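Chain and residue survey
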Amino acid sequence: PTSYGYGVEISGASQNITIEGCRYRRCRHAVTTGTAGSGVTPNYGVQRGIAINGCTAINCTSVSFDTHEDTDSIVFSGCTVIGGQLAGYQARSYDVTFNGCNVYGMLGNGYYLDNASAKVCINGGTVSRCRDTGLITVPEHTVAAHWDSDGVTWVPAAVVAEATVETNRGHGIRSDTGKVTISAV
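What counts and how
Residues numbered from 1 in each chain as written. Predicted model: local features only at pLDDT ≥ 70, side-chain atom pairs only at ≥ 80, totals over all residues. Heavy atoms only, no water. Salt bridge = Lys/Arg side-chain N within 4 Å of Asp/Glu carboxyl O. Helix = DSSP H or I, 4+ residues; strand = E, 2+ residues; numbered from the N terminus. Phe/Tyr/Trp six-rings, centres within 6.5 Å; stacked < 30°, edge-to-face > 60°. Buried < 20%, exposed > 50% of the residue type's maximum accessible area, 1.4 Å probe, protein only. Contact = heavy atoms within 4.5 Å. Core = buried A, V, L, I, M, F, W, Y, C linked by side-chain atoms within 4.5 Å. Pairing = 2+ DSSP bridges. Axes fitted to C-alpha atoms, helices over the stretch in contact; angles between N-to-C directions. Polar contact = N/O pair within 3.5 Å; in protein donor to acceptor, adjacent residues only side chain to side chain.

**What about the pattern of salt bridges?**
- Summed over all chains, the structure comprises 2 salt bridges.
- Of the charged contacts in the structure, one is a salt bridge between Asp-72 and Arg-48, with a shortest N-O distance of 3.4 Å. Of the two residues, Asp-72 sits in strand E8 (residues 71–77) while Arg-48 sits in strand E5 (residues 47–53), which places them 24 residues apart along the sequence.

**Observations regarding the packing of aromatic side chains**
- What the rule picks out here adds up to 7 aromatic pairs.
- Between the aromatic rings of Phe-76 and Tyr-89, the centroid separation amounts to 6.3 Å while the plane-to-plane angle is 70°, which identifies the pairing as edge-to-face. Placement of the pair is Phe-76 in strand E8 and Tyr-89 in strand E10 (residues 87–91), with a sequence separation of 13 residues.
- Its relative accessible area of 0% is what places Tyr-89 among the buried residues.
- Taking the centre distance of 4.9 Å and the plane angle of 20° together, the rings of Tyr-89 and Tyr-111 count as stacked. Taken together, the positions of Tyr-89 in strand E10 and Tyr-111 in strand E13 (residues 109–113) put the pair 22 residues apart, joining distant regions of the chain.

**Considerations on the environment of Val-75**
- Examined against the element boundaries, Val-75 turns out to sit in strand E8.
- Given the relative accessible area of 27%, Val-75 is considered partly exposed.
- Taking C-alpha positions, Val-75 is 9.4 Å from Cys-121, a pair spaced 46 residues apart along the chain.
- With residues near it in sequence (within four places) discarded, Val-75 still touches Ile-50, Ala-51, Ile-52, Thr-97 and Asn-99.

**Overview of the nonpolar core**
- Ranked by size, the top nonpolar core spans 30 residues in total, and within it Ile-52, Phe-65, Phe-76, Tyr-89, Phe-98 and Tyr-111 carry the most contacts.
- Contributing elements (two or more residues each) for this core: strand E4 (29–33), E5, E8, E10, strand E11 (94–99), E13 and strand E14 (118–123).
- Among residues more than four places away in sequence, those in contact with Ile-52 are Ile-19, Val-31, Phe-65, Ile-74, Val-75, Phe-76, Ser-77 and Cys-79.

**Quick word on unusual backbone geometry**
- The backbone of Ser-73 shows a phi angle near 75°, a positive value even though the residue is not glycine.
- Note that Ser-73 resides in strand E8.
- Relative accessible area serves as the criterion here: at 25%, Ser-73 is assigned to the partly exposed category.
- Positive phi, close to 60°, is recorded for Asp-95, a residue that is not glycine.
- With respect to the helices, strands and loops of the structure, Asp-95 is situated in strand E11.

**A short note on the sheet that holds strand E9 (residues 80–82)**
- What the 6 strands build is an open sheet, ordered E3-E6-E9-E12-E15-E20; its pairing is parallel. Two strands lie at the open edges of the sheet, namely strand E3 (23–25) and strand E20 (164–166), each paired on one side alone. Each strand of the sheet is rotated relative to its neighbour by a mean of 10°, with strand direction disregarded.
- Sheet topology note: the E3/strand E6 (residues 56–58) ladder contains 3 bridges and is parallel. When the sheet's bridge partners are listed, Arg-23 is paired in E6 with Thr-56.

**Things to note about the environment of Asn-123**
- Residue placement: Asn-123 occurs in strand E14.
- Spatially, the C-alpha atoms of Asn-123 and Phe-98 are 6.0 Å apart, while their sequence positions differ by 25 residues.
- Looking at Asn-123, its side chain comes within polar contact range of the side chain of Asn-99, at 2.8 Å.

As C-alpha cells, then:
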C-alpha cells in the first residue's frame, strides 16, 4: 500500500489503465483515483479510461473501491468486497460503471453515490448483509443528473439494473434525490 494506505492510487493525467485480478486486505482503499492537492485542477489532469477487473477487497478501513471528482470513465467489472468499514464502492465522479460487482458483510453501505457523481450505472451484482443501506445517494445534496452532450438525452445520476439487494439492515436502495432509474432489480 501507499503511505496513505491505498492499494492502488491513480492520479494526475492518467489514462487507459487496467488493473486485473488483484487482492487487497486491510487497506484504506483497495483502489482510488484523483487524490492529490487542491485548486482548479487539483490532480494536474483527469484520470480517464480506467478498468478495474476481478479484484477483491477484504476488510478495508474506509471505502474499498473509490473515485474522486476529477475522474471520468471508470469501469469496475466482477469485483468483490468482503467486510470493511464505510462502503464497498463509492462514486464521486462522472461516468462510473459497476458490472457484476458484489458486496458482502459491510459495516457501512454497499454503494455510496456522492453529490459529485453523475452517470453512474450498476449492472448486476449482489449487495448483501450491509449494516447500513445497500445503495445510497447522498440525501442532503442533489446528485448531478443532467442532459447529455447531445442535448436530447436525459442522463440520470444513477441507473441500477438487475442487481440483487438483500438482507441489509437499512434500506435496500435509498435516494432522496429522485434521480435514480431502477429496472428489473
